[in-house]
Amino acid sequence: MHKPIILIYGPVGSGKGTQAELLVQKLGVVHLSLGDILRAKVAQNTPDAQVIKDYMSKGELVPFHIVDDIVRQRMEEPDVANGVVFDGYPRALEQAMTLVKILQDQGKKVTHVIAIKLGTDEIIERLSNRRICPNCREIYNVVSEPPKVEGICDKCGTALIKRADDQEVNAIHERMQVYQEETLPVRDYFAKQGLVHEFDGNQGINELHEQIYKIFE
Ligand SMILES: [Zn+2]
């Protein structure tokens, strides 16, 4: 029986990070967000780290071969033995095929691909209600998941902020388009292997989690 290696996809605002965290709690897998992996690497201060830092500071994508090497190394570490949930990776067909090879070399495979679906209008609606803690990154929704005290993070007491681009509807349309272009080929690739499970993202965090969790029972 293969340990779960899960890929989770969803447009910005779909709550995929939250769903990934809930899977971590229930399944004992490790949450591997590509951004976090890269930031951890940069913090090591090695010569490779400087290269990655240069790309990130310019706001450019870190080239695939660098990312793939880091993922390969990360997947050899002992803490991922019980499985992982990848968040934000792979983001292109070529990268998905490389991941499959990396895992194959290690006797592992992608076991589940979770696709959270949410329309652009729903995303805009959600983002305008979203508040983020700039300190601990906790995310709130003023309608569906409000903090106990308005404007203040429950966890650490920091004043919540609205992300600057949240009101920019055009930016959201653009991001949605990029998201579709990047992830559709990846999803098709794994769909042919029967691994993709689609979920309606327009529901509460717990309801969505319950639906997702069913595929692991
Ligand atoms: Zn906080």
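Caption draft 1: Up close: unusual backbone geometry. The step from Y89 to P90 runs through a cis peptide bond, and the omega angle for that step is -10°. Summarising the element assignment, P90 is placed in the loop between strand 3 (84-87) and helix 5 (93-105). Residues other than glycine seldom take positive phi values, yet N45 does so here, at roughly 65°. Along the chain, N45 turns up in the loop between helix 2 (34-43) and helix 3 (47-57). Judged by relative accessible area, which is 60%, N45 ranks as exposed.

Caption draft 2: Layout of the sheet that holds strand 1 (residues 5-9). Read from one edge to the other, the open sheet built from five strands follows the order 2-3-1-4-7, with strand pairing classed as parallel. Edge positions in the sheet fall to strand 2 (30-33) and strand 7 (196-200), since each of these pairs with one other strand and no more. Neighbour-to-neighbour, the strand axes of this sheet turn through a mean angle of 20°, independent of strand direction.

Caption draft 3: Quick peek at the nonpolar core. Counting 30 residues, the largest nonpolar core has L7, M75, V84, F86, L99, V110 and F190 as its most contacted members. Those elements giving two or more residues to this core turn out to be strand 1, strand 2, helix 2, helix 4 (64-75), strand 3, helix 5 and helix 7 (169-191). Per-element accounting of this core gives the leading share, five residues, to helix 4. Setting aside its immediate chain neighbours within four residues, M75 contacts I5, L32, V80, V84, F86, L103, Q106 and K108.

Caption draft 4: Local environment of the coordination of the zinc ion. Here the zinc ion is held by C133 (SG), C136 (SG), C153 (SG) and C156 (SG), and the distances to it run 2.3 Å. The coordination sphere of the zinc ion comprises four donor atoms, whose angles at the metal cover 101 to 121°; the geometry is tetrahedral. When the donor residues of the zinc ion are listed from N- to C-terminus, their spacing reads C-x2-C-x16-C-x2-C. Here the residue C133 occupies a position in the loop between strand 5 (130-132) and strand 6 (139-141), and C156 occupies one in the loop between strand 6 and helix 7, the gap between them amounting to 23 residues. Overall, the relative accessible area of 33% leaves C156 in the partly exposed class.

Caption draft 5: View of the environment of E138. Position of E138 among the secondary structure elements: in the loop between strand 5 and strand 6. Judged by relative accessible area, E138 falls into the partly exposed class, the value being 26%. Once the C-alpha coordinates of E138 and K26 are considered, the two residues, 112 residues apart in sequence, prove to be 19 Å apart. Contact partners of E138, with chain neighbours within four places excluded, come to R131, I132, C133, C153 and K155. Polar contacts involving the side chain of E138 include one to the side chain of K155, which spans 3.0 Å.

Conventions used here
- Numbering of residues begins from 1 in every chain and follows the order in which that chain's sequence is written.
- In keeping with the predicted nature of the model, local features appear solely for residues at pLDDT of at least 70, side-chain atom pairs appear and are counted solely at 80 or more, and the whole-chain, interface and lining totals rest on all residues.
- Note that water and hydrogens are dropped before the side-chain values are worked out from all heavy atoms of the structure.
- Helix numbers and strand numbers start at the N terminus; a helix is a DSSP run of H or I with at least 4 residues, a strand a run of E with at least 2.
- For every residue, the accessible area (1.4 Å probe, protein chains only) is compared with the maximum for its type, and the residue is labelled buried under 20%, exposed over 50%, or partly exposed between those bounds.
- Pairing between strands is defined by DSSP: at least two bridges between the two strands are required.
- To define axes, lines are fitted to C-alpha atoms, for helices over the stretch in contact only, and angles between the resulting N-to-C directions are given on a 0 to 180 degree scale.
- We call a set of buried Ala, Val, Leu, Ile, Met, Phe, Trp, Tyr and Cys residues a nonpolar core when their side-chain atoms join them within 4.5 Å.
- Contacts are assigned to residue pairs that have any heavy atoms within 4.5 Å of one another.
- Here a donor is an N, O or S atom found within 2.8 Å of the metal, or within 3.2 Å if the metal is Na, K or Ca; sites may look incomplete because water is not among the atoms.
- Here the metal geometry follows the donor angles, with tetrahedral for four donors whose angles all fall between 85 and 135 degrees, square planar for four and octahedral for six when opposite donors are more than 155 degrees apart and every other angle is between 65 and 115, and irregular for all the rest.
- Here a polar contact means two N or O atoms within 3.5 Å. Within protein one must be a hydrogen donor candidate and the other an acceptor candidate, and residues neighboring in sequence count only if both atoms are side-chain atoms.

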